[in-house]
Amino acid sequence: GDSVTQMEGPVTLSEEAFLTINCTYTATGYPSLFWYVQYPGEGLQLLLKATKADDKGSNKGFEATYRKETTSFHLEKGSVQVSDSAVYFCALSDQGAQKLVFGQGTRLTINP
Amino acid sequence: GAVVSQHPSRVICKSGTSVKIECRSLDFQATTMFWYRQFPKQSLMLMATSNEGSKATYEQGVEKDKFLINHASLTLSTLTVTSAHPEDSSFYICSARWGAGDGTQYFGPGTRLLVL
């Protein structure tokens with residue numbers, strides 16, 4: 001079945017550091033790929049998405065590129081802020097499927 | 001756009017009582033709504049999928065008589081935890097989408113349930 005694997009956390013960085021959170025997937029067909037962010041005590045917010053190979057999703061300084069050849073969708077940000085501290089979930093939605101398949105989440109802490 | 005609300009945000013109840021959680025799509029018509037459960041520091045576990053006007057489809061291992069889901073309109077779904085017990089204490093999150101599209105789901109802020 002479809003699956004998503006994220007780099008294990010927690011990840012701790014200093015403010016203004018470069019961020020990469022790795023995400024790889026296994027799926028049949030051509031899934032859509034997503035990054036969601038969850039702040040403490042809240043639901044998930046859609047951060048960015050990409051629906052086909054080589055698409056780049058971007059939002060709030062974050063970006064991720066849909067790489068079909070490596071089945072990856074790594075999240076990057078050039079300069080993180082304390083306010084980026086949260087849990088980040090990579091997810092996929094296969095063609096025709098209603099469900100989202102989530103990775104295990106990566107907890108990110110940014111220190112001032 | 002694409003705002004989903006949940007009510008209540010937090011509820012405490014006694015063991016044996018039933019609790020209803022509402023999920024509303026505020027600015028779009030949700031043809032499909034989803035209910036998830038999240039344990040501390042874990043990912044989301046899909047409980048069920050509901051389409052407006054149809055019976056919910058439950059994931060394997062989720063008791064449909066325990067977790068009653070109703071999707072009576074295109075903007076409202078409810079989850080009722082019947083005869084709640086302490087092990088039902090959790091963070092419940094709903095999401096909604098319209099049409100099939102690219103699979104994007106929009107999530108509510110979650111409801112924290114504590115059963116004493």
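In case you missed it, the structure is sitting above this.
All figures in this text were calculated on a predicted structure; none of them were measured in a lab.

Glancing now at the overall build of chain A. Along chain A, the regular secondary structure elements total 0 helices and 12 strands. The N-to-C order of helical and strand elements in chain A reads β-β-β-β-β-β-β-β-β-β-β-β. In terms of C-alpha radius of gyration, chain A reaches 13 Å, essentially the compact-globule figure of 13 Å for 112 residues. In terms of overall dimensions, chain A has C-alpha extents of about 45 × 30 × 20 Å along its principal axes. With 112 residues in all, chain A has 43% of them scored as buried. Nonlocal contacts in chain A, meaning residues at least 24 apart in sequence, comprise 56% of its contacts between residues at least 6 apart. As presented, chain A carries roughly 5300 Å² of accessible surface, and 47% of it is formed by carbon and sulfur atoms.

This part covers the sheet that holds strand E7 (residues 67-73) of chain B. Residue and element names in this part refer to chain B. Taken together, the 4 strands give an open sheet; going across it, the order is E1-E3-E8-E7, and neighbouring strands pair in antiparallel fashion. The open sheet is flanked by strand E1 (4-7) and E7, the only strands paired with a single partner. Within this sheet the neighbouring strands show an average axis-to-axis angle of 15 degrees, counted without direction. Taken together, the 6 bridges between strand E3 (residues 19-25) and strand E8 (residues 76-81) define a ladder with antiparallel strand orientation.

Facing the 24 residues of chain B at the interface are 21 residues of chain A. Of the roughly 1600 Å² buried between chain B and chain A on both sides combined, carbon and sulfur atoms contribute 50%. Sorting the residues of chain B by area buried against chain A places B:Ser43, B:Asp102 and B:Phe107 first, and these three jointly supply 30% of that buried surface. Remark: the boundary between chain B and chain A carries 2 salt bridges. When the shortest N-O distance is used, the salt bridge between B:Glu59 and A:Lys99 registers 2.9 Å. At the boundary of chain B and chain A, one finds 8 residue pairs in polar contact (both at pLDDT 80 or more). Mapped onto the side of chain B that touches chain A, the elements with two or more residues apiece are strand E4 (32-38), strand E5 (44-51), strand E9 (90-97) and strand E10 (106-107) of chain B. Taken together, the residues that form the side of chain B that touches chain A break down as 9 nonpolar, 11 polar and 4 charged.

Parameters and conventions
Residues numbered from 1 in each chain as written. Chains lettered and ligands numbered in written order. Predicted model: local features only at pLDDT ≥ 70, side-chain atom pairs only at ≥ 80, totals over all residues. Heavy atoms only, no water. Helix = DSSP H or I, 4+ residues; strand = E, 2+ residues; numbered from the N terminus. Rg over C-alpha atoms; globule rule 2.2 N^0.38 Å. Buried < 20%, exposed > 50% of the residue type's maximum accessible area, 1.4 Å probe, protein only. Contact = heavy atoms within 4.5 Å. Areas by Shrake-Rupley, 256 points an atom, 1.4 Å probe, with all protein chains shown as cover. Pairing = 2+ DSSP bridges. Axes fitted to C-alpha atoms, helices over the stretch in contact; angles between N-to-C directions. Buried area = accessible area lost by both parts, 1.4 Å probe. Salt bridge = Lys/Arg side-chain N within 4 Å of Asp/Glu carboxyl O. Polar contact = N/O pair within 3.5 Å; in protein donor to acceptor, adjacent residues only side chain to side chain. Nonpolar A, V, L, I, M, F, W, Y, C, P; charged D, E, K, R; others polar.

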